[in-house]
Amino acid sequence: MNRRDFECLGRFNILYLEDEIDLLKHTTDVLVDFVHHIYPAQTCQEAMEIIQTKKVDVIVSDILLKNGNGIEFLQELKAKGYDTPAILTTAYTDTEYLLEAIKLKVENYIVKPINIKELLNSLHDVLLPKIQSREIHRSYNIIKTISAVTDGKQVELIRFIIKNLDDDNILNYSYADIMERVDVSKPTVIKLFKQLSDLGILTKVQNGKYRFDECELPAPEATA
């Protein structure tokens, strides 16, 4: 099996529902070094509040909780329209729980005590489709943005812009920052930014920050 690249987990937020406080703290302390943000919760109510107020990419939940049940929590989420992928953990291997997990289409099922490497592998595999989708989306935006300009020298600069957008499509780089990272002249940077600005693709939101608007990208040409 190929080694997984855990660095990609640093883009994602994890909700971890576990009522054993020592396990919750230990696993949280380990995962915080791998993921963008981890939201720990001891109860289903806390977890629901997090889901409703934070961006969560994957849920890791114990099944049997002191004041709830992880499977019932996921069922409630689905009933409310949430489709967040989930990994269940449990100290039990009761077939009943496995069947319920299958019905819910839970992505994975880990038996306690939790092996951190196994959990990281599982998180990677669950999030891989999102990672691949994001890369495909970025590549497509690169192609469409290149089609909006004519200067071949700006292609490398366009790739840099697309690949360094944050989750809100904001580019947090000034002209000077960009020139330190891309081998282009200041006139080339200014020309491209003005061109994309005129097209509505890039909008300056404050010094050193620009919003990239995918809706303003040219539509792909129809094929005969």
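What you are looking at is a predicted structure, and each value in this text was computed from that prediction instead of being measured. (Residues numbered from 1 in each chain as written. Predicted model: local features only at pLDDT ≥ 70, side-chain atom pairs only at ≥ 80, totals over all residues. Heavy atoms only, no water.)

(A) Geometry of the sheet that holds strand β10 (residues 209-212). What the three strands build is an open sheet, ordered β8-β10-β9; its pairing is antiparallel. Unpaired on one side and paired on the other, β8 (170-171) and β9 (202-206) mark the two borders of the sheet. Pairing geometry for β8 and β10, over two bridges, is antiparallel. Each bridged residue has a counterpart across the sheet, and for Ile 170 the counterpart in β10 is Arg 211. (Pairing = 2+ DSSP bridges. Helix = DSSP H or I, 4+ residues; strand = E, 2+ residues; numbered from the N terminus.)

(B) Main features of the packing of helix α2 (residues 44-53) against helix α3 (residues 70-79). Contact geometry of α2 with α3 gives a least axis separation of 11 Å together with a crossing angle of 30°. For the element pair α2 / α3, the angle class is roughly parallel. Where α2 crosses over α3, the two elements pack in a sense that is right-handed. Note on element contacts: α3 touches α2 through Phe 73, Glu 76 and Leu 77, opposite Cys 44, Ala 47, Met 48 and Ile 51. (Axes fitted to C-alpha atoms, helices over the stretch in contact; angles between N-to-C directions. Parallel < 35°, antiparallel > 145°, perpendicular 65-115°, else oblique. Left-handed = near helix turned anticlockwise from the far one by under 90°. Contact = heavy atoms within 4.5 Å.)

(C) Representation of the UniProt feature "modified residue: 4-aspartylphosphate" (unreviewed entry) in the chain in the model. As annotated in UniProt, the feature "modified residue: 4-aspartylphosphate" (unreviewed entry) corresponds to Asp 62 in the numbering used here. Checked against the element boundaries, Asp 62 lands in strand β3 (residues 58-62). For Asp 62, a relative accessible area of 3% gives the class buried. What Asp 62 contacts, discounting residues up to four positions off in sequence, is Leu 17, Glu 18, Asp 19, Gly 70, Thr 89, Thr 90 and Lys 112. (UniProt positions renumbered as here; feature names shortened; annotations may be inferred. Buried < 20%, exposed > 50% of the residue type's maximum accessible area, 1.4 Å probe, protein only.)

(D) Molecular detail of the nonpolar core. Ranked by size, the top nonpolar core spans 24 residues in total, and within it Leu 15, Ile 59, Phe 73, Leu 74 and Leu 88 carry the most contacts. Contributions of two or more residues to this core are made by β1 (13-17), β2 (37-41), α2, α3, β6 (86-90) and α4 (95-103). With five residues, the top contributor of residues to this core is α2. (Core = buried A, V, L, I, M, F, W, Y, C linked by side-chain atoms within 4.5 Å.)

(E) Region of the structure containing the sheet that holds β3. Spatially, β2-β1-β3-β6-β7 is the arrangement adopted by the five strands of the open sheet, whose pairing is parallel. Pairing within the sheet leaves two strands with one partner each, and these edge strands are β2 and β7 (108-111). Neighbouring strand axes in the sheet, compared pairwise and without regard to direction, differ in orientation by 15° on average. Relative to β2, β1 is paired through five bridges, and the arrangement is parallel. Bridge pairing in β2 places Leu 15 opposite Tyr 39. On top of the sheet, helix α1 (residues 21-31) reaches β1 and β2; it is set at about 175° to β2, its chief contact.

(F) Representation of the pattern of salt bridges within the structure. Counted under the stated rule, the structure contains eight salt bridges. With a closest N to O distance of 3.4 Å, Lys 112 and Glu 20 form a salt bridge. Highlighted residues: Lys 112 in the loop between β7 and α5 (116-146) and Glu 20 in the loop between β1 and α1, separated in sequence by 92 residues. Residue Lys 112 is classed as buried on the basis of its relative accessible area of 14%. A residue is classified by how much of its surface remains accessible, and Glu 20, at 42% relative accessible area, is partly exposed. Where Asp 62 meets Lys 112, a salt bridge forms, and the shortest distance between an N and an O atom there is 3.0 Å. Of this pair, Asp 62 sits in strand β3 while Lys 112 is found in the loop between β7 and α5, placing the two residues 50 residues apart along the sequence. Taken together, the salt bridges that share partners define one network made up of Glu 18, Glu 20, Asp 62 and Lys 112. (Salt bridge = Lys/Arg side-chain N within 4 Å of Asp/Glu carboxyl O.)

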